[in-house]
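Geometric and topological summary
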Amino acid sequence: SALTTDQIDIENAERYDITYTDKDGEKKNPLILHLSPSGAIERVIYALLEKAHMDAKVGKKPMLPLWLSPTQLRVICVSNEKHLEEAEKFVSELESLNVRVDIDDNEDSIGKRIRNAEKEWSPFIVVIGDEEIKTGKLQVRIRETGVQEKMSVAELAEMIKKQTEGLPFKKQPLNKYVSKRPIFSG
């Protein structure tokens, strides 16, 4: 793999019989300058995926950098009927603090929704139930370390903000409700 490159090529002009005529009328082979920005985005994505693969080979969980993850935080309700309205408040607060967050509002079991978030490499997962609503403290599952920590919405937002400071940010391009997103199969 290679990332974007700028190269001074001293061989290919001769190999491909590329010439120019200098001011004295002599044919010469030029130095060729190569710039390869086309495909650069694909090359960078390739490098990120290759790094994730190497991490997985040594027992680490593969993941994209937090600033680049399409979803930085996945919220899962213990019961959509009982907890979705409060979860939406948490989500709105986090969105206002520039966190890409979504809600898995499917009717699958909590375990399955957590596994789905793991499969999608969500850096942070929060399950919201009665306890989280009552205390305002979220049990945050952190993909990178495998640790679960209790923290407030503000503490979680601050942690994400510190890790993404100075890096590009765009809002979540997909519907924040996982159940309303397109399903790809093949």
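The following paragraphs examine the structure supplied in this document. Here the structure is a predicted model, which is why all the values come from computation and not from measurement. (Residues numbered from 1 in each chain as written. Predicted model: local features only at pLDDT ≥ 70, side-chain atom pairs only at ≥ 80, totals over all residues. Heavy atoms only, no water.)

**Things to note about the sheet that holds strand 6 (residues 101-104)**
Ordered in space as 6-5-7-8-9, the five strands form an open sheet in which the pairing is mixed. Where the open sheet ends on each side, the last strands, each with one partner, are strand 6 and strand 9 (148-152). The average undirected angle you get between the axes of adjacent strands in this sheet is 30 degrees. Where strand 5 (residues 73-77) lies against strand 6, four bridges are found, and the strand directions are parallel. Within strand 6, the position partnered with V75 by the bridge is I103. Set on the sheet, helix 3 (residues 80-96) makes contact with strand 5, strand 6, strand 7 (124-128) and strand 8 (137-142); between it and strand 6 the angle comes to about 170 degrees. (Pairing = 2+ DSSP bridges. Helix = DSSP H or I, 4+ residues; strand = E, 2+ residues; numbered from the N terminus. Axes fitted to C-alpha atoms, helices over the stretch in contact; angles between N-to-C directions. Contact = heavy atoms within 4.5 Å.)

**Quick look at the packing of aromatic side chains**
For the coordinates displayed, the defined rule picks out zero aromatic pairs. It is K180 that lies over the ring of Y177; its NZ or CZ is 5.1 Å from the centre. (Phe/Tyr/Trp six-rings, centres within 6.5 Å; stacked < 30°, edge-to-face > 60°. Lys NZ or Arg CZ within 6 Å of the ring centre and 35° of its normal.)

**Focus: the pairing of strand 7**
Of all five residues in strand 7, four are buried, a share of seventy percent or more. Relative to strand 7, strand 5 runs parallel, the two sharing five bridges. From the neighbouring strand, L73 faces strand 7, where its bridge partner is F124. As judged from the three bridges shared by strand 7 and strand 8, these two strands associate in the antiparallel manner. Pairing of I125 across the sheet is with R141, part of strand 8. (Buried < 20%, exposed > 50% of the residue type's maximum accessible area, 1.4 Å probe, protein only.)

**Looking at the nonpolar core**
L73, V75, F124, L138, V140 and L156 are the most contacted members of the largest nonpolar core, which totals 24 residues. Those elements that provide at least two residues to this core are strand 5, helix 3, strand 6, strand 7, strand 8 and helix 6 (153-164). Take this core: its biggest share by element is five residues, from helix 3. Aside from chain neighbours lying at most four places away, what touches F124 is L66, Q72, L73, R74, V140, R141, I142, L156, M159, I160 and Q163. (Core = buried A, V, L, I, M, F, W, Y, C linked by side-chain atoms within 4.5 Å.)

**Side note on the pairing of strand 6**
Both faces of strand 6 are covered, namely the face carrying V101 and I103 and the face carrying D102 and D104. Handedness of the crossover joining strand 5 and strand 6 through helix 3: right-handed. (Right-handed = clockwise from strand over helix to strand, strands pointing away.)

**Quick word on the environment of Y16**
If you trace the backbone, Y16 turns up in the loop between helix 1 (12-15) and strand 2 (20-21). On a C-alpha basis, the gap between Y16 and N29 in space is 9.6 Å, while along the polypeptide they are 13 residues apart.

**Description of the pattern of salt bridges**
With the rule as written, the count across this model stands at eleven salt bridges. Put simply, K51 and D55 hold a salt bridge, and the shortest N to O gap is 2.8 Å. Highlighted residues: K51 and D55, both in helix 2 (residues 40-57), separated by four residues, approximately one helical turn. For K89, the salt bridge goes to E86, with nearest N and O atoms at 3.0 Å. Of this pair, K89 and E86 both sit in helix 3, three residues apart, which is roughly one turn of that helix. Each of R74, D102, E120 and R181 takes part in a single network of salt bridges with overlapping partners. (Salt bridge = Lys/Arg side-chain N within 4 Å of Asp/Glu carboxyl O.)

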